[in-house]
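# Descriptive analysis of the structure
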Amino acid sequence: MQFKSENNPFTLQFSYIPPQYISRKTLTDEIVNDLKKKTPAFRGHFLTGVRGSGKSVMMADIYNIMHGLEDWVTVDIENPECDILDSLARGIYRNPAMKTLFLNAKLDISVLGLGVSVEKANLVASNASDAVDMMLKVLKREGKKLLITIDEVTYCHEIAAFSHALSAYARAGYEVYVLMTGLKENIKAIKNDKSLTFLYRAKEHTLEPLNTMAIIADYVKVFGVNREAAEKMAWNTKGYSFAFQVLGYLYWEALCNKAYEEIDEEDINVHYDQYLSEFVYEKIWSELPTTEKKVLRGIADTQSHDVKTIRENISMNSSKFSVYRNRLMERGLIDGREYGKVKLVLPRFDVFIKSQEILE
């Protein structure tokens, strides 16, 4: 097998569906099949998980699936902190097939700088909200459904205004659906505002680690190594989506110059730690409160994963520890499902945490 750097099928780029992509087929099918139902159970879906878990890539995958369906119109909102209705109006209008429908319906949305002023227009928009409503009326008449995707949402005025608009569209009988991604704490902030009825009722999906068997099969196929070698690589990723890409990327680059048996695993891990740290872990760490960092240090320093030992090492009582354990579990950073035990979820996160102890 020829390994050339320019043909590396793994990527370090976020929000991009890589050539070597392991889909979460069960969850993808669940969401797609629900959207395609005559009466879907949910009109809104949230994809959440720790940074680098593959939320954006999965959303893009679902977007592409729905985009290929005849009766669906898809719009991706690139910046959720801008006027979402304005972006939505522009996104719908940019669809060539929809533009023709709107011209035939004599919709004048020139106020947004889209198209030209329509002589003897049936409807004239005075703002983005009017424009979207006018276009949705046409989509409803034509039997079209609209999927809106938004990446990395946060609780802000624009999202609140958008949620109220979505509720109005639902009452009007428009077939409008939303798929969003966001960190757990940001989704929680949105859903805690119960006045945002549409998004409050949206279904939340937490991304689980990638299937280990799928990672093993992928590494065997791509690198031509035996199953034992692929298993060792796969376990080193812990099913973390970004780690799967990083490790694959590093091994491919190494194999461009030497045989698998000649690869220095320590050298791989040095670069592996560097990429995980620079691209994800430093950002995660910077967003953590001091006490949560303290708990993570205690976990990283305790090989037994025993809660009692960890508490004693960081001088924290049981009730206080439980609060921070739950917060870190919610962030997707630790696993506390086994009674009396907690462990780090991300690969080599303990190495990163210990390096921060030295730096700080």
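Now for a description of the structure that goes with this document. None of the values given here were measured: they were computed from a predicted structure.

Looking now at the overall build of the chain. Across its full length, the chain carries 16 helices and nine strands. Structurally, the chain occupies a C-alpha span of about 75 × 55 × 35 Å along its principal axes. In the chain, which comprises 360 residues, the proportion classed as buried is 50%. Pairs at least 24 residues apart make up 71% of the contacts formed inside the chain by residues separated by at least 6 positions. Of the roughly 18,000 Å² of accessible surface on the chain, a fraction of 48% belongs to carbon and sulfur atoms. Taking the average location of the 46 positive side-chain charges in the chain and that of its 49 negative ones, the two points are 7 Å from each other.

Put simply, helix H1 (residues 25-36) and helix H2 (residues 55-67) touch, their axes get as near as 11 Å, and they point 40 degrees apart. The orientation of H1 relative to H2 falls into the category oblique. In terms of crossing hand, the pair formed by H1 and H2 is right-handed. Residues Leu27, Thr28, Ile31, Val32, Leu35 and Lys36 of H1 lie in contact with H2, whose contacting residues are Met58, Asp61, Ile62, Ile65 and Met66. In the contact of H1 with H2, the residues fall into eight nonpolar, one polar and two charged.

With the rule as written, the count across this model stands at 18 salt bridges. Put simply, Arg348 and Asp273 hold a salt bridge, and the shortest N to O gap is 2.6 Å. Placement of the pair is Arg348 in the loop between strand E9 (343-344) and helix H16 (349-359) and Asp273 in helix H12 (residues 265-286), with a sequence separation of 75 residues. For Arg348, a relative accessible area of 24% gives the class partly exposed. Between Arg337 and Asp335 there is a salt bridge, with its nearest N and O atoms 2.8 Å apart. Under the relative-accessibility criterion, Arg337 is labelled exposed at 70%.

The tendency in soluble globular proteins is for nonpolar side chains to be buried as a group. Among the nonpolar cores identified, the biggest contains 56 residues, and Tyr219, Phe223, Tyr240, Tyr281, Leu296, Leu333 and Phe349 are the most heavily contacted of them. Sorting the residues of this core by element identifies helix H9 (212-223), helix H10 (227-235), helix H11 (241-255), H12, helix H13 (290-301), helix H14 (307-314), helix H15 (318-330) and H16 as the ones contributing at least two each. Discounting chain neighbours no more than four positions away, the residues touching Tyr281 are Tyr240, Leu276, Leu346, Pro347, Arg348, Phe349 and Phe352. Residues Leu88, Ala89, Ala128 and Phe198 belong to the second largest nonpolar core, which totals 45 residues.

Another point: the environment of Tyr21. Tracing the chain through its elements places Tyr21 in the segment before H1. Note: C-alpha distance between Tyr21 and Asp61 (40 residues apart in sequence) is 10.0 Å. Beyond its immediate chain neighbours, meaning those up to four positions away, Tyr21 contacts Val57, Met58 and Asp61.

Another point: the side chain of Lys144. Position of Lys144 among the secondary structure elements: in the loop between helix H5 (128-141) and strand E5 (145-150). For the buried Lys144, no salt bridge exists, and the shortest N-O distance to an oppositely charged side chain is 4.5 Å, to Asp71. A polar atom in the side chain of Lys144 sits 3.2 Å from the backbone oxygen of Glu70. The residues contacting Lys144, other than those within four sequence positions of it, are Glu70, Asp71, Val73, Met98, Leu139 and Glu175.

Right, let's get into unusual backbone geometry. Of note in this structure, His305 is not a glycine but carries a positive phi near 65 degrees. Structurally, the position occupied by His305 is in the loop between H13 and H14. Taking relative accessible area as the criterion, His305 reaches 30% and is therefore assigned partly exposed. One non-glycine residue, Ser315, lies in the positive phi region at around 55 degrees. Mapped onto the elements, Ser315 comes out in the loop between H14 and H15.

Parameters and conventions
Residues numbered from 1 in each chain as written. Predicted model: local features only at pLDDT ≥ 70, side-chain atom pairs only at ≥ 80, totals over all residues. Heavy atoms only, no water. Helix = DSSP H or I, 4+ residues; strand = E, 2+ residues; numbered from the N terminus. Buried < 20%, exposed > 50% of the residue type's maximum accessible area, 1.4 Å probe, protein only. Contact = heavy atoms within 4.5 Å. Areas by Shrake-Rupley, 256 points an atom, 1.4 Å probe, with all protein chains shown as cover. Lys, Arg positive; Asp, Glu negative; His and termini not counted. Charge placed at Lys NZ, Arg CZ, Asp CG, Glu CD. Axes fitted to C-alpha atoms, helices over the stretch in contact; angles between N-to-C directions. Parallel < 35°, antiparallel > 145°, perpendicular 65-115°, else oblique. Left-handed = near helix turned anticlockwise from the far one by under 90°. Nonpolar A, V, L, I, M, F, W, Y, C, P; charged D, E, K, R; others polar. Salt bridge = Lys/Arg side-chain N within 4 Å of Asp/Glu carboxyl O. Core = buried A, V, L, I, M, F, W, Y, C linked by side-chain atoms within 4.5 Å. Polar contact = N/O pair within 3.5 Å; in protein donor to acceptor, adjacent residues only side chain to side chain.

Just geometry here; none of it tells us what the structure is for.
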